[in-house]
Protein chains: 2
Amino acid sequence: MKPAARKKPANAEGRIRARNHARILDAAITIFTQKGYDGTTIAEIAAAAGLPKANVYYYFKTKKAIYTTLVANLIDQWDAALDNLRSDRDPAEALAGYIRAKLEFSRLHAAQSQMFASEVVHGGRFLTRANLRHMHAITLEKVKVFRAWARAGKMDPVDPIHLFILLWGSTQYYADFEVMAVNELGRRRVRPADFDKAAETITAIVLKGCGVRTKPR
Amino acid sequence: MKPAARKKPANAEGRIRARNHARILDAAITIFTQKGYDGTTIAEIAAAAGLPKANVYYYFKTKKAIYTTLVANLIDQWDAALDNLRSDRDPAEALAGYIRAKLEFSRLHAAQSQMFASEVVHGGRFLTRANLRHMHAITLEKVKVFRAWARAGKMDPVDPIHLFILLWGSTQYYADFEVMAVNELGRRRVRPADFDKAAETITAIVLKGCGVRTKPR
DNA sequence: CCAGAACCTGACCAAAGCGTCAACTTTTTC
DNA sequence: GAAAAAGTTGACGCTTTGGTCAGGTTCTGG
């Protein structure tokens with residue numbers, strides 16, 4: 001083999017590799033979301049990416065490798081909205097910001113939310129223990145925030161995990177169960193105004209429901 | 001053909017037919033839930049039902065026929081919990097009852113809830129327009145109940161559809177996203193006590209959050 | 001008891017899909 | 001400009017799966 005110095009460093013991908021890698025993942029997430037892992041074919045992903053099927057295997061070893069790369073990306077994004085929740089913030093603003101951020105994610109990344117939902121509904125067979133531990137650890141950090149607010153008298157001492165489940169279930173619904181959301185909203189698609197109304201409604205119910213106050217009592 | 005009187009009436013199925021029909025559906029819902037429509041094989045359903053594969057085709061014309069029969073059954077069950085919501089009831093009791101009923105369904109029929117969730121997450125390709133119209137019509141009936149309570153000053157005039165989405169999203173989460181629920185609860189499975197705590201927490205937040213009062217002001 | 005109906009089933013077929021491969025083309029580097 | 005590396009791709013092999021079929025068995029009613 002020729003001198004190793006000639007080989008590109010692993011993180012210095014060429015522009016062709018980076019472009020095709022991204023194209024495949026973009027195409028894949030749309031189709032995995034619509035059809036699920038087993039209902040999606042490599043030929044469909046290739047066609048949507050504008051590449052011959054065999055070429056997909058040049059960039060990803062297997063179909064499962066494509067899917068698990070997407071799942072790993074989704075875990076990274078799951079964390080981001082939780083940054084709103086810091087104990088040094090006013091709980092009304094922090095919770096309102098979190099709800100808004102979660103709904104923005106549902107609105108702008110419906111496919112990612114749906115794909116993650118699909119994965120979890122089917123038992124999370126591609127979620128690793130490390131994925132689950134990570135998400136649990138992050139959540140426990142934020143549980144502390146809720147507890148700190150409760151100790152400071154800024155909100156009622158509601159069970160933080162069940163509160164998170166209520167927050168996640170309600171905000172993700174608009175993306176994950178879009179078919180039901182549009183049906184019940186009487187629309188063809190969820191509009192930005194619907195997301196605004198959702199943010200307003202969920203925020204009002206949660207703040208009032210958790211006894212959130214902007215001043216300590 | 002022999003005299004029609006000899007043929008059994010369509011609704012007087014023999015015990016063999018009824019038994020095998022039920023066995024196939026019971027087996028199917030478990031596997032469709034775990035693996036999704038495309039990930040499930042007729043051979044797996046047959047094995048779980050204790051029948052040879054070709055025999056399954058004696059009872060159901062196609063794989064899709066099995067699946068859509070299950071979906072139709074799920075629609076029927078979706079309605080039942082909503083019976084709690086009647087305008088002549090006290091809203092605190094009615095909403096608490098509805099939340100409790102939904103959580104009971106999640107606890108006792110997790111597979112059905114997950115299968116329906118999977119169907120919707122993937123765009124509801126096996127949900128018919130009639131299915132969707134039916135669910136929408138039922139919901140609109142209950143929207144009237146919320147509006148009647150608001151007019152009577154028994155609760156705040158929150159947006160009924162967004163409230164339903166919050167109720168559905170939070171109560172179904174324990175079944176649909178069981179993997180996440182157990183992970184965040186720090187458990188191996190969701191226990192009856194967790195459902196009790198969920199009922200208590202969701203009910204408290206929703207009643208307080210919606211300004212539900214047991215006496216008109 | 002027998003004929004008809006209902007039920008069962010092993011073997012089979014056609015189609016689909018994951019992944020491979022050898023040969024080719026393009027790009028990159030020296 | 002040439003060699004090496006990277007990228008491309010049509011054809012193919014193997015396996016799997018939905019569904020069929022012909023022939024068989026069991027059940028039911030007269």
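See the structure printed just above.
Because the structure is predicted, anything quoted here is derived from the model rather than measured.

It is worth spelling out the overall build of chain A at this point. The secondary structure content of chain A amounts to 10 helices and 0 strands. Ordered by position in the sequence, the α and β elements of chain A form the string α-α-α-α-α-α-α-α-α-α. Its C-alpha atoms give chain A principal-axis dimensions of roughly 75 × 50 × 30 Å. For chain A, the residues scored as buried account for 52% of the 217 residues in total. The long-range share in chain A, meaning contacts at least 24 apart out of those at least 6 apart in sequence, stands at 69%.

Bringing the side chain of S106 of chain B into the picture now. Structurally, S106 of chain B can be placed in helix 5 (residues 91-108). Overall, the relative accessible area of 2% leaves S106 of chain B in the buried class.

This part is about helix 1 (residues 15-39) of chain B. Between its first and last C-alpha atoms helix 1 of chain B spans 31 Å; for 25 residues at 1.5 Å apiece the expected length is 36 Å, and the helix comes up short by more than 12%. Bending of helix 1 of chain B peaks at approximately 85° at the position of T33 of chain B. Burial in helix 1 of chain B covers these residues: N20, I24, L25, A27, A28, I29, I31, F32, T33, G36, Y37 and G39 of chain B. Contact partners of the buried residues in helix 1 of chain B: helix 1 (15-39) and helix 6 (110-121) of chain A together with helix 2 (42-49), helix 3 (53-59), helix 4 (63-80) and helix 6 (110-121) of chain B.

If you check the shell around DNA strand C, you find 22 residues, and the closest are K53 of chain A together with P52, A54, Y58 and Y59 of chain B. What you see for DNA strand C is that sugar and phosphate hold 72% of its atoms within 4 Å of the protein. With respect to DNA strand C, the side chain of Y58 of chain B contributes an N or O atom lying 2.8 Å from a phosphate oxygen. Counting only elements with at least two residues in the surface near DNA strand C, the list comes to helix 3 (53-59) of chain A together with helix 1 and helix 3 of chain B. Tallying contributions element by element places helix 3 of chain B first for the surface near DNA strand C, with 4 residues.

What counts and how
Counting of residues starts from 1 at the beginning of each chain's written sequence and follows it residue by residue. The order in which chains are written sets their letters, starting at A; the order in which ligands are written sets their numbers, starting at 1. Restriction of local features to residues with pLDDT of at least 70 applies here, the model being predicted, together with a cutoff of 80 or more for giving and counting side-chain atom pairs; totals for whole chains, interfaces and linings are based on all residues. With hydrogens and water excluded, all non-hydrogen atoms of the structure serve as input to the side-chain values. The way it works is that DSSP assigns letters per residue, a run of H or I at least four long becomes a helix, a run of E at least two long becomes a strand, and they are numbered from the N terminus. Type-normalised accessible area, obtained with a 1.4 Å probe on protein chains alone, sets the label of each residue: buried when under 20%, exposed when over 50%, and partly exposed for intermediate values. Residues are treated as being in contact if the distance between any of their heavy atoms lies within 4.5 Å. Helices are assigned an expected span. That span is 1.5 Å times one less than the residue count. The angle separating two fitted axes, one through the seven residues that finish at a residue and one through the seven that start at it, defines the bend at that residue. Note on terminology: near, applied to a residue and a molecule or strand, indicates that one of the residue's heavy atoms is within 4 Å of it. Two N or O atoms count as a polar contact when they lie within 3.5 Å, although within protein this holds only if one can serve as hydrogen donor and the other as acceptor, and sequence-adjacent residues are included solely when both atoms are side-chain atoms.

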